[in-house]
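Here is what each chain is made of, one letter per residue.
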Amino acid sequence: MSEKTIAFIGGGNMARSLIGGLVADGHPPAALRAAEPDAERREALISDYGIQGFEDNATAARGADAVILAVKPGELAGVARQLGGQIRDQQSLVISIAAGVRSPDIAEWLGGDVPVVRAMPNTPALIQTGATALFANPSVRPEQRDLAETTLRAAGMVVWLPEETQMDAVTALSGSGPAYFFLTMEAMQAAAERLGLDSDTARLLTLETALGAARMALEASEEPALLRRRVTSPGGTTAAALAELEGGDLAGLYERALRAAAGRAHELGDELGAQ
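Described below are features of the structure shown in this document.

Mapped onto the elements, L126 comes out in the loop between β6 (116–120) and β7 (130–136). Sequence separation between L126 and R62 is 64 residues; the distance between their C-alpha atoms is 27 Å. With near-sequence residues (within four places) excluded, L126 lies in contact with N13, M14 and S17.

Set out below in structure tokens:
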């Protein structure tokens, strides 16, 4: 594990998940820092993980190999402008996990030619089972790219995007995706209860079925479409259920949903970049 110094600007849930994952992977706590204005949250990070905690952003970022901007998207421009000169002098890598904010805007706020990796994690990162897409601007050196990947892998799997424009699709798919599955689970549980199951049983069977299906899909070499066909006997119960779902244009519904999310992500990028 690299012993690079990593500074987190913001100590919220996503920063906490990355810090916890890095410490669990063997990264020295002394090489991890967090700037967090909330004293209770800051002291919790220090107590739980043994890292260095600061109230001031500049102090936390001083001398860091990587500075992770883990603030709310609307706060990112102000933070980047505050730290820009220091980051340029240190030649630190900047990793942004702020949703919707594009790397050219981040680099501009930082003051110019700065290595920026934009990351789009999702909420399962909070339990180290996240899916994160990364995009590196042209200023990112190979060793900095490796550092970004190692850091984000502490919260789950990582993929690199060749074009930043693909980030809107990632936001629609994996960024917002957990909510789609939660809604599906909610609907399945409710339907099972109307069929006569008690709430606890319906919930447990729904969640374990979702977990099992996801694990099968991850561990199988076949595509989900083939797995679906294998468990669908002609004229059987699964076929009857799938006919209803397909008759309701489930595929079209998901496409429209993802297009709506991607469109809104693009709009948010325009709005945030105008700061």
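The end-to-end C-alpha distance of helix α8 (residues 177–194), which contains 18 residues, comes to 26 Å, matching closely the 26 Å that a straight helix rising 1.5 Å per residue would cover. For α8, the set of buried residues is G177, P178, Y180, Q189 and A192. Along the long axis of α8, the arc covered by the buried residues comes to 170°, so they all point the same way. Facing away from the buried side of α8 by over 90 degrees, the exposed positions are F182, L183, E186 and R194. In this fold, the buried residues of α8 make contact with α7 (167–175), α9 (199–219) and α12 (250–273). At the exit of α8 stands G196, carrying a positive phi of roughly 120°.

Moving on: the nonpolar core. Judged by nonpolar contacts, the single largest core of 30 residues is most densely connected at F8, L93, I95 and V117. Broken down by element, the residue count for this core peaks at 5 residues, all from helix α1 (residues 13–24). The contact partners of I95, leaving out residues within four places of it in the chain, are V67, I68, L69, V117, A119, A148 and L152. By size, the runner-up hydrophobic cluster in this structure holds 25 residues, among which are A7, L76, V101 and L272.

On to the sheet that holds strand β8 (residues 156–160), then. Taking strand neighbours across the sheet as the criterion, the 8 strands line up as β3-β2-β1-β4-β5-β6-β7-β8 in an open arrangement whose pairing is mixed. Since the sheet does not close on itself, it has two edges, and those belong to β3 (52–54) and β8, each with one partner. When the angles between neighbouring strand axes are averaged without regard to direction, this sheet yields 20°. Pairing geometry for strand β4 (residues 66–69) and strand β5 (residues 93–96), over 4 bridges, is parallel. Bridge pairing in β5 links A66 to L93. Here helix α6 (residues 142–153) sits on the sheet and contacts β1 (6–9), β4, β5, β6, β7 and β8; the angle it forms with β8, its principal contact strand, is near 150°.

So, how was this worked out
The numbers attached to residues start from 1 for each chain and follow its sequence in the written order. Selection of residues for local features in this predicted model requires a pLDDT of at least 70, selection of side-chain atom pairs for listing and counting requires 80 or more, and totals for whole chains, interfaces and linings are taken over all residues. To obtain the side-chain values, all non-hydrogen atoms of the structure were used and water was disregarded. Going along the chain from the N terminus, every DSSP run of H or I of four or more residues is numbered as a helix, and every run of E of two or more is numbered as a strand. We call two residues in contact whenever any of their non-hydrogen atoms come within 4.5 Å of each other. The span you would expect from a helix comes to 1.5 Å times its residue count less one. Any residue under 20% of the maximum accessible area for its type is buried, any over 50% is exposed, and the rest in between are partly exposed; the area is computed with a 1.4 Å probe on protein chains only. What the arc covers is the set of directions going from the helix axis to the C-beta atoms. We define a nonpolar core as any set of buried Ala, Val, Leu, Ile, Met, Phe, Trp, Tyr and Cys residues linked to one another through side-chain atoms lying within 4.5 Å. By definition, two strands form a pair when at least two bridges between them are found by DSSP. To obtain an axis, a line is fitted to C-alpha atoms, over the contacting stretch when the element is a helix, and the angle between two such axes runs from 0 to 180 degrees between their N-to-C directions.

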